[in-house]
Amino acid sequence: MIARLCLALAGVALGAALAAPLARAERLIVSVSNHRVTVTPNYSGEELVLFGSVEKDAGTPANHANYDLVVTVSGPRADMVTRRKERKFGIWINTDYRQFLKVPSYLALFSNRPFEAIASHEVQRRQQLGLNNVLLTQRVGPDYADVVPNDAFRSAFVRLRVEHGLYREATSAVTFLTPTLFRTGIPLPAEVPIGTYDVEIKLFADGALLTKTETAFEIVKVGFEQFVANTARNNGLVYGLVTAFMALMTGWMASIVFRKD
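**Q** Quick question: what am I supposed to make of the pattern of salt bridges here?
**A** Side chains that carry opposite charge are capable of pairing whenever their charged atoms lie near each other. Taken as a whole, this structure holds eight salt bridges when the rule is applied. Note that Glu55 and Arg27 form a salt bridge whose closest N and O atoms lie 2.6 Å from each other. Taken as a pair, Glu55 in strand 3 (residues 46-55) and Arg27 in strand 1 (residues 27-32) lie far apart in primary sequence, 28 residues in all. For Asp151, the salt bridge is made with Arg98, and the minimal N-O distance between the two is 3.6 Å. Here Arg98 lies in strand 6 (residues 91-104) and Asp151 lies in the loop between strand 9 (143-145) and helix 4 (152-163), a separation of 53 residues in the sequence. On the basis of relative accessible area, Asp151 is assigned to the buried category, the value being 17%. According to the relative accessible area criterion, Arg98 is buried, its value standing at 13%. Via salt bridges that share partners, Glu122, Arg125 and Arg126 belong to a single interconnected network.

Take a look at the structure:
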């Protein structure tokens, strides 16, 4: 009796397993056109290309093509300060400030459609889709927190970074060349910070996150600028003495050139 019951339960379990739909498990394969960008004295910016494909599995419907992609590029993190200036007694002075803690020095978000068309507001907030939803931790008095997007300091901070080309979002920057092949450009301005850049690619379908993957590239200085930077960082005393000596020599030469006889 017990043996028959066990066989019956096993049969039910097997039937349920066969009847259940196969789980979808798309996979992203991505790469960038250059994993190491060198900054020289005449560097004026450039654009990298991110390209990749969506690899489907056996459980994905053959005619399923309504994919959405969001690419987030974040540069080295650092503490930054935004100051509020007011005109008093005829001059502009700093009256208040807000410190942003470990925020990306470069931040770009690219997608193939507007974020509102890709996912709900809750998913946008949770997945940090768009500049308004990216967490930018601030020191607010004794507390540490992100604030509402229309906070005056947060808005000013983002606006200033956008004006310098260091923060950006573009909702038509990702192009699907085929239903599964895609590409997008990553513009790097002339004043791009040095360091490692993380690239996160998220794949959505029907408003839900299917999968994500990451890659990275590095921006480094080369030549005389890198030598000076390394010397200042590793040999501060020598760098200070040489700088002082060069300042004295420059002043002495200027006094000779512009001396009035």
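**Q** Hey, could you run me through a nonpolar patch on the surface in this one?
**A** Taken together, Val242, Phe245, Met246, Met249, Trp252, Met253 and Ile256 make up a surface patch of nonpolar side chains, about 710 Å² in accessible area. Secondary-structure assignment places Trp252 in helix 6 (residues 236-257). Taking the relative accessible area as the measure of exposure, Trp252 reaches 51% and is therefore exposed.

**Q** Sorry if this is basic, but what is going on with the layout of surface pockets here?
**A** Any space left empty among the atoms is revealed by the rolling of a water-sized probe across them. Roughly 320 Å³ of internal volume is contained in the largest pocket. Lining of the largest pocket is provided by 18 residues; of these, Thr72, Ser74, Arg77, Gln128 and Glu200 occupy positions nearest its centre. Counting residues per element, the ones that place at least two in the lining of the largest pocket are strand 4 (67-74), strand 6, helix 3 (121-127) and strand 13 (195-205). It is strand 13 that contributes the most residues to the lining of the largest pocket, four residues altogether. Residues belonging to the lining of the largest pocket are distributed by class as follows: six nonpolar, five polar and seven charged.

**Q** Help me understand the sheet that holds strand 7 (residues 107-111), please; the structure alone is not making it clear to me.
**A** Through backbone hydrogen bonds, the strands of a sheet pair up, either in parallel or in antiparallel fashion. Taken in spatial order, the six strands make up an open sheet running 2-14-13-4-7-10, and their pairing is mixed. The sheet is open, and its two edges are formed by strand 2 (36-39) and strand 10 (167-170), each paired on a single side. Strand-to-strand, the axes of this sheet are offset by a mean angle of 15°, without reference to chain direction. Relative to strand 7, strand 4 runs antiparallel, the two sharing five bridges. Bridged to Val70 within strand 7 is Ser111.

Conventions we followed
- Residues numbered from 1 in each chain as written.
- Predicted model: local features only at pLDDT ≥ 70, side-chain atom pairs only at ≥ 80, totals over all residues.
- Heavy atoms only, no water.
- Salt bridge = Lys/Arg side-chain N within 4 Å of Asp/Glu carboxyl O.
- Helix = DSSP H or I, 4+ residues; strand = E, 2+ residues; numbered from the N terminus.
- Buried < 20%, exposed > 50% of the residue type's maximum accessible area, 1.4 Å probe, protein only.
- Patch = residues over 30% accessible without salt bridge, like charges linked within 9 Å, V, L, I, M, F, W, Y side chains within 5 Å.
- Areas by Shrake-Rupley, 256 points an atom, 1.4 Å probe, with all protein chains shown as cover.
- 1 Å grid on protein atoms, 1.4 Å probe; cavity = no way out; pocket = protein on both sides within 12 Å on 5 of 7 lines; lining within 4 Å.
- Points joined across faces, edges and corners; volume = space filled by probe spheres on them.
- Nonpolar A, V, L, I, M, F, W, Y, C, P; charged D, E, K, R; others polar.
- Pairing = 2+ DSSP bridges.
- Axes fitted to C-alpha atoms, helices over the stretch in contact; angles between N-to-C directions.

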